[in-house]
Amino acid sequence: MAGGTEATARVLLDRCGRTYAAEAGIRLRDTPQPLYQLLVLSVLLSAPVRAGIAVSAARALFAAGMRQPGRMAEARWQQRVDALGEGGYRRYDERTATMLGEGAELLRERYRGDLRKLRGADDVEQRLQEIPGLGPTGARIFLREVQGVWPEYAPFFDAKAQSGAERVALPTSPEELSRLAGSRENLPRLAAGLVRVALDKQAAEEVRSAAA
């Protein structure tokens, strides 16, 4: 059984283990700009839209120069709307443009634009939810992806990732999933892969078949 789960984890990492941050062009490090970009992506992924649309919208915002809280706050509301629309994020573009502006202002005022000031907080999930547009879902997305550079929150496999683990017959225990990941760097990759198979039944079937 152990060999089977390890084979499944390897296939999952190989086929589905690209993080959403990497897909959005974010080179995640423990520095202010990529952490903020991950926060923006987490806000976008929180809405009931396809993940690919959220990723495309994040790329459009960053391409328009809105990579830092200051640039996001100083951009005109219409600039944010236009960038979101360019990424295909049209149904929620106006509301999200407002929330991104408000969130950027809050980060500048409360944390001087540096999310590292949140690092180490015991209540980090709750504090993240104080940022406009980042509810429980968004906070969990952020922590799934950031655990590779904020190891004090690892292993972080929430209910969505655990649902994916069940779908491909992997253990749901965060400790067991951490062992299967094989390294700290692979934790966010494994979490992302599990979320992808939770959302895509066909991808889950392909992983199971390849690992058999």
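Residues numbered from 1 in each chain as written. Predicted model: local features only at pLDDT ≥ 70, side-chain atom pairs only at ≥ 80, totals over all residues. Heavy atoms only, no water.

## Let's talk about the overall build of the chain
Next, step 1: Helix and strand content of the chain: 13 helices and zero strands.
Next, step 2: Listing each helix as α and each strand as β along the chain from the N terminus yields α-α-α-α-α-α-α-α-α-α-α-α-α.
Next, step 3: At 17 Å, the chain has a C-alpha radius of gyration in line with the 17 Å of a compact globule built from 212 residues.
Next, step 4: When the backbone C-alpha atoms are referred to their principal axes, the chain occupies close to 55 × 35 × 25 Å.
Next, step 5: For the chain, buried positions account for 51% of its 212 residues.
Next, step 6: Contacts in the chain between residues far apart in sequence, at least 24 positions, make up 66% of those at least 6 positions apart.
Next, step 7: A total accessible area of about 9,800 Å² is found for the chain, and carbon and sulfur atoms account for 44% of it. (Helix = DSSP H or I, 4+ residues; strand = E, 2+ residues; numbered from the N terminus. Rg over C-alpha atoms; globule rule 2.2 N^0.38 Å. Buried < 20%, exposed > 50% of the residue type's maximum accessible area, 1.4 Å probe, protein only. Contact = heavy atoms within 4.5 Å. Areas by Shrake-Rupley, 256 points an atom, 1.4 Å probe, with all protein chains shown as cover.)

## A look at the packing of helix H4 (residues 51–63) against helix H6 (residues 77–86)
Next, step 1: Running from N to C, H4 and H6 point in directions that differ by 135 degrees, and their axes come no closer than 7 Å. Compared by their axis directions, H4 and H6 come out oblique. In the packing of H4 onto H6, the handedness of the crossing is right-handed. Contact with H4, carried on its side by Ala57, Ala60 and Leu61, involves Arg80, Ala83, Leu84 and Glu86 of H6 and no other residues of that element.
Next, step 2: Broken down by class, the residue content of the contact of H4 with H6 amounts to five nonpolar, no polar and two charged. (Axes fitted to C-alpha atoms, helices over the stretch in contact; angles between N-to-C directions. Parallel < 35°, antiparallel > 145°, perpendicular 65-115°, else oblique. Left-handed = near helix turned anticlockwise from the far one by under 90°. Nonpolar A, V, L, I, M, F, W, Y, C, P; charged D, E, K, R; others polar.)

## Focus: the nonpolar core
Next, step 1: Ranked by internal contacts, the top residues of the largest apolar core, which has 75 residues, are Leu61, Leu128 and Leu194.
Next, step 2: Non-local contacts of Leu61, meaning those with residues more than four positions away in its chain, are made with Val40, Leu44, Met66, Met72, Arg80, Ala83, Leu84 and Leu100. (Core = buried A, V, L, I, M, F, W, Y, C linked by side-chain atoms within 4.5 Å.)

## Considerations on the packing of aromatic side chains
Next, step 1: As enumerated under the stated definition, the model contains two aromatic pairs in all.
Next, step 2: Summarising the aromatic geometry, the rings of Phe142 and Trp150 are spaced 5.7 Å apart at their centres and angled 70 degrees between planes, so their arrangement reads as edge-to-face. Each member of the pair, Phe142 as well as Trp150, is classed as buried.
Next, step 3: On the numbers, 6.0 Å between centres and 50 degrees between planes, the contact of Trp150 with Tyr153 is tilted.
Next, step 4: The exposure class of Trp150 is buried, given its relative accessible area of 0%.
Next, step 5: Chaining the aromatic ring pairs together yields one cluster made of Phe142, Trp150 and Tyr153.
Next, step 6: Residue placement shows Arg196 over the ring face of Tyr20; its charged tip is 4.1 Å from the ring centre. (Phe/Tyr/Trp six-rings, centres within 6.5 Å; stacked < 30°, edge-to-face > 60°. Lys NZ or Arg CZ within 6 Å of the ring centre and 35° of its normal.)

## Overview of the pattern of salt bridges
Pairs can form between side chains of opposite charge whenever their charged atoms are close.
Next, step 1: All told, the structure shown has 13 salt bridges when counted by the stated rule.
Next, step 2: The closest approach of N and O atoms between Arg119 and Asp30, which form a salt bridge, is 2.6 Å. A residue pair is termed long-range when its members are at least 10 positions apart, and Arg119 in the loop between helix H7 (93–111) and helix H8 (124–128) and Asp30 in the loop between helix H2 (20–23) and helix H3 (32–46) qualify at 89 residues.
Next, step 3: The partly exposed category is assigned to Arg119, whose relative accessible area is 31%. (Salt bridge = Lys/Arg side-chain N within 4 Å of Asp/Glu carboxyl O.)

## As for the environment of Gly193
Next, step 1: Mapped onto the secondary structure, Gly193 falls in helix H12 (residues 186–199).
Next, step 2: Residues Gly193 and Ala9 lie 184 residues apart in sequence; the distance between their C-alpha atoms is 9.2 Å.
Next, step 3: Apart from the residues within four sequence positions on either side, Gly193 is in contact with Leu12 and Cys16.

## Quick look at H12
Next, step 1: The first and last C-alpha atoms of H12 sit 20 Å apart over 14 residues, in line with the 20 Å expected at 1.5 Å per residue.
Next, step 2: Of all 14 residues that make up H12, eleven are buried, and the element is covered over most of its length. (Expected span 1.5 Å × (residues − 1).)

## A look at a positive patch on the surface
Next, step 1: Taken together, the side chains of Lys160, Arg167, Lys201 and Arg208 define a basic patch exposed on the protein surface.
Next, step 2: For the positive patch, the elements supplying multiple residues, two or more each, are helix H10 (159–167) and helix H13 (201–211).
Next, step 3: Along the polypeptide, Arg208 turns up in helix H13.
Next, step 4: Judged by relative accessible area, Arg208 falls into the partly exposed class, the value being 34%. (Patch = residues over 30% accessible without salt bridge, like charges linked within 9 Å, V, L, I, M, F, W, Y side chains within 5 Å. Lys, Arg positive; Asp, Glu negative; His and termini not counted. Charge placed at Lys NZ, Arg CZ, Asp CG, Glu CD.)

None of the figures reported here should be taken as evidence of function without further support.
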